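Chain by chain, the residues:
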Amino acid sequence: MKYRRITPTQAPLSELMAAVFADPDSDAALDHFFSVFMESMIGIALIGAPPDMDSLSVVREQDHIGVAFTEAPDGRSMIVACADRSAYSERFDSRFNAELPGRELMELAQQLPDECEGILLYSALVEKSIGISRSEFGRLLANSPRRPPAHLLN
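Values in this document were obtained by computation on a predicted structure and should not be read as measured data. (Residues numbered from 1 in each chain as written. Predicted model: local features only at pLDDT ≥ 70, side-chain atom pairs only at ≥ 80, totals over all residues. Heavy atoms only, no water.)

Peer 1: For this particular structure, what's the right way to read the side chain of S40?
Peer 2: Inspection of the secondary structure puts S40 in the loop between α2 (27–39) and β1 (41–44). By relative accessible area, S40 is classed as buried at 14%. Within the structure, S40 has its side chain in polar contact with the backbone oxygen of V36 (distance 2.7 Å). Here S40 is in contact with L13, L100, P101 and G102, once residues within four sequence places are set aside. (Helix = DSSP H or I, 4+ residues; strand = E, 2+ residues; numbered from the N terminus. Buried < 20%, exposed > 50% of the residue type's maximum accessible area, 1.4 Å probe, protein only. Polar contact = N/O pair within 3.5 Å; in protein donor to acceptor, adjacent residues only side chain to side chain. Contact = heavy atoms within 4.5 Å.)

Peer 1: I would appreciate a short explanation of unusual backbone geometry in the present structure.
Peer 2: Phi is mostly negative for residues that are not glycine, and the peptide bonds are mostly trans. A positive phi angle is found at D84, which is not glycine, with a value near 55 degrees. Topologically, D84 is positioned in the loop between β5 (77–83) and α3 (85–91). What makes D84 buried here is its relative accessible area of 12%.

Peer 1: Sorry if this is basic, but what is going on with helix α5 (residues 134–142) here?
Peer 2: The α-helix advances 3.6 residues per turn, and as a result positions three or four apart in sequence lie on the same side. Three or more residues of α5 are buried, namely F137, L140 and L141. Along the axis of α5, the buried residues cluster in a sector spanning 95 degrees; they form a single face. The exposed set on the far side of α5, more than 90 degrees from its buried face, consists of S135 and A142. Contact partners of the buried residues in α5: α2, α4 (102–111), β7 (118–122) and β8 (129–133). (Arc of directions from axis to C-beta.)

Peer 1: Just to check I follow, could you spell out the packing of helix α1 (residues 12–22) against α2 for this structure?
Peer 2: Any two packed helices are characterised by the angle at which their axes cross and by the distance between the axes. Following both chains from N to C, one finds α1 and α2 inclined at 160 degrees, their axes separated by 9 Å at the closest point. When the interaxial angle is binned, α1 and α2 end up roughly antiparallel. Handedness of the crossing formed by α1 with α2: left-handed. Where α1 abuts α2, its residues L13, L16, M17, A19 and V20 lie against A29, L30, H32, F33, V36 and F37. (Axes fitted to C-alpha atoms, helices over the stretch in contact; angles between N-to-C directions. Parallel < 35°, antiparallel > 145°, perpendicular 65-115°, else oblique. Left-handed = near helix turned anticlockwise from the far one by under 90°.)

Peer 1: Could you clarify how one ought to interpret the nonpolar core in this entry?
Peer 2: Side chains that are nonpolar tend, in soluble globular proteins, to be buried together. Counting 28 residues, the largest nonpolar core has L13, F33, F37, M106, I119, L121 and I132 as its most contacted members. Elements represented by at least two residues in this core include exactly α1, α2, β1, β5, α4, β7, β8 and α5. Among the elements that line this core, the one with the most residues is α2, at 5 residues. Setting aside anything within four residues of it in sequence, one finds L121 in contact with L13, M17, F33, F37, I42, A81, C82, A83, K128, S129 and I130. (Core = buried A, V, L, I, M, F, W, Y, C linked by side-chain atoms within 4.5 Å.)

Peer 1: Looking at this structure, I do not really get the packing of aromatic side chains. What am I missing?
Peer 2: To describe a pair of aromatic rings, you give the distance between the ring centres and the angle between the ring planes. Counted under the stated rule, the structure contains 4 aromatic pairs. Here the aromatic rings of F33 and F34 are separated by 5.2 Å at their centres, their planes lie at 55 degrees, and the arrangement is tilted. A residue is classified by how much of its surface remains accessible, and F34, at 9% relative accessible area, is buried. An angle of 80 degrees between the planes, with centres 5.2 Å apart, marks the rings of Y88 and F96 as edge-to-face. The pair Y88 / F96 is uniform in exposure class, with both members buried. (Phe/Tyr/Trp six-rings, centres within 6.5 Å; stacked < 30°, edge-to-face > 60°.)

Printed below as a string of structure tokens:
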């Protein structure tokens with residue numbers, strides 16, 4: 001399969017993932033990735049979502065929409081997600097049909113039953129992923145406090 005070339009400016013979160021892949025023992029690279037992840041829009045695959053999902057402003061509980069899971073290489077059941085959704089769709093496929101800020105995705109995953117063992121985030125630049133374990137959610141959320149909406153700031 002021939003992949004379309006994606007530039008780092010089209011995939012900034014995936015570029016940070018590449019830094020983690022290049023030096024997996026670097027706490028600084030991983031911490032920087034997580035701080036940007038929390039504020040970035042993350043692609044997710046919603047099951048049962050209507051075709052006009054992008055134009056909907058509210059999803060009700062009775063809409064029966066679920067988030068897709070995958071099995072991580074170590075066997076854990078994780079929410080499947082992608083960094084830089086538009087770049088990922090151009091390079092690989094478009095199975096990711098919605099987006100959430102990383103912080104909100106992590107908060108959602110934390111509310112799911114214990115069968116959700118984390119988030120598996122795929123890069124838009126290479127066929128690699130970073131697994132974010134459920135056991136890390138509390139620390140990551142605490143280290144990334146929710147910012148007040150811009151309209152509430154003076």
